[in-house]
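# Fold and geometry: a report
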Amino acid sequence: SSVYAASVLFPTPTLGREYTSLNFTQRSNNSIARSFCFAIATEDNTVLQVTLPAGVATETHAAGTTFTQTLNKGEILNLFGNPINSTDGTDMTGVIVKSISSGSNSCKPFAFYSGSSKITIDCAAGSPGSADNLFQQMFPKVAWGYTYVAVPTLPQPINYYRILVDNPATVVKVNGTILSGLVNNTYYEYRNDDASIDVITGDKPIMVAQYMTTNAKCGNPS
């Protein structure tokens, strides 16, 4: 009764042929909660190639493996992260899904989404707080940009940011300061505790996600 989410949805002419999942650290107050990503085919005989990075396993595929799945129009490929314990699960960030040609069939566009069925986003270890679902349609790589302006959310202004890179050599800056600590050769993460507006830039295309922290966590009001 108190869980909600919102997402912008893209029309089919804007869809791409390659995506990278962008999720968050999977902690929840529900033991069956999962980090997820899923693809929806817009044409028959869509052949998808899925690459799982090191340390990222699904419920049916081992970490670091590559596999293919053929979908027809309207069919969905669901990928759920492995559970770790009663509160934690595999973070699906970095999973690459792309359309490949097969026989006489060319690469076909598809829609791609990522998120979590229930997740706590907090600032310290311990028992998870309240949890909500996380849901977002992913931008195809052709739509990534070089400059983003991030405005804090009020009245709960403590935000996390993840910056996804396609090339690990990408130089990413926040307000002119170079970020370090690239995770899994895939993304940078930082937290803004100052309620300040951030300008995030890359010398190569990047994708940025902004995360609201959980109610009554990180100094937020309840």
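Definitions and limits used
Going along each chain's sequence as written, the residues are numbered from 1 onward. In view of the model being predicted, local features appear only for residues whose pLDDT reaches at least 70, and side-chain atom pairs are presented and counted only at 80 or more, with totals across whole chains, interfaces and linings using the full set of residues. Side-chain numbers here rest on the full set of heavy atoms in the structure, without hydrogens or water. Secondary structure counts use DSSP, requiring at least four H or I residues in a row for a helix and at least two E residues in a row for a strand, with both numbered from the N terminus. Taken over C-alpha atoms, the radius of gyration is set against a globule rule of 2.2 Å times the number of residues to the power 0.38. Summary of the burial criterion: residues with accessible area below 20% of their type's maximum are buried, those above 50% are exposed, and those between are partly exposed, where the area comes from a 1.4 Å probe applied to protein chains only. Contacts were defined at the residue level, with two residues in contact if any of their heavy atoms lie within 4.5 Å. Surface accessibility follows the Shrake-Rupley procedure with a 1.4 Å probe radius. Residue values consider only the protein chains on display as shielding. Residues counted as positive are Lys and Arg, residues counted as negative are Asp and Glu, and His and the chain ends are not counted. A single reference atom marks each charge: NZ on Lys, CZ on Arg, CG on Asp, CD on Glu. The pairing criterion is simple: DSSP has to find at least two bridges between the two strands. Angles here are taken between N-to-C directions and fall from 0 to 180 degrees, while the axes themselves are lines fitted to C-alpha atoms, restricted in helices to the stretch in contact. Buried Ala, Val, Leu, Ile, Met, Phe, Trp, Tyr and Cys residues that are joined via side-chain atoms within 4.5 Å together make up what is termed a nonpolar core. The criterion for a disulfide is a pair of cysteine sulfur atoms lying within 2.5 Å. In this scheme Phe, Tyr and Trp rings, the latter by its six-membered ring, pair at centre separations within 6.5 Å, and the angle between planes marks the pair as stacked below 30 degrees, edge-to-face above 60, and tilted otherwise.

## A look at the overall build of the protein chain
- The helix and strand tally for the protein chain stands at 0 helices and 16 strands.
- The C-alpha atoms of the protein chain give a radius of gyration of 18 Å, which matches the 17 Å a tight globule of 222 residues would have.
- Viewed in the frame of its principal axes, the protein chain has a C-alpha envelope of about 55 × 40 × 30 Å.
- Counting all 222 residues of the protein chain, 43% fall into the buried class.
- Counting contacts in the protein chain only where the partners sit at least 6 residues apart, residues at least 24 apart contribute 75% of the total.
- For the protein chain, the exposed surface amounts to about 10700 Å²; the carbon and sulfur share of it is 53%.
- Across the protein chain, 13 positive and 15 negative side-chain charges occur, with their mean positions spaced 2 Å apart.

## Some points on the sheet that holds strand β6 (residues 76–80)
- Spatial strand order, β6-β3-β9-β10: 4 strands in an open sheet with antiparallel pairing. The sheet is open, and its two edges are formed by β6 and β10 (132–137), each paired on a single side. Each strand axis lies, on average, 15 degrees off the axis of its neighbour in the sheet, ignoring direction.
- Sheet analysis places strand β9 (residues 110–119) next to β10, joined by 5 bridges and oriented antiparallel. Within β10, the residue paired with S114 across the bridge is Q136.

## Overview of the nonpolar core
- Within the largest apolar cluster, 34 residues are counted, with the highest numbers of intra-cluster contacts made by V50, L79, V95, V97 and F112.
- Counting residues per element, the ones that place at least two in this core are β3 (35–41), β4 (46–51), β5 (66–71), β6, β9, β12 (159–165) and β16 (198–212).
- In contact with V50, other than residues within four places in its own chain, are T65, T66, F67, L77, L79, V95, I96 and V97.
- With 11 residues, the next largest nonpolar core counts V172, V174, L179 and I206 among its residues.

## A look at the state of the cysteines
- Scanning the entire structure with this criterion turns up 1 disulfide.
- Here C123 pairs with C218 through a disulfide, and the sulfurs are 1.9 Å apart. Negative torsions about the S-S bond denote left-handed disulfides, and the value of about 105 degrees found for C123 with C218 makes this one right-handed. With C123 in the loop between β9 and β10 and C218 in the segment after β16, this residue pair connects regions lying 95 residues apart in the sequence.
- C37 forms no disulfide, and the closest cysteine sulfur to it belongs to C107, at a distance of 19 Å.
- Here C37 falls in the buried class, since its relative accessible area comes to 1%.

## Topic: the packing of aromatic side chains
- With the rule as written, the count across this model stands at 10 aromatic pairs.
- Ring geometry for F10 versus F139: centroids 4.9 Å apart, planes at 45 degrees, classification tilted. One end of the pair, F10, is in the segment before β1 (18–20); the other, F139, is in the loop between β10 and β11 (145–150), with 129 residues separating them in the sequence.
- Of the residues examined, F139 reaches a relative accessible area of 40% and is grouped as partly exposed.
- Relative to F135, the ring of Y113 lies with its centre 5.4 Å away and its plane at 20 degrees, an arrangement referred to as stacked. With a gap of 22 residues between them, Y113 in strand β9 and F135 in strand β10 connect regions that are remote in the sequence.

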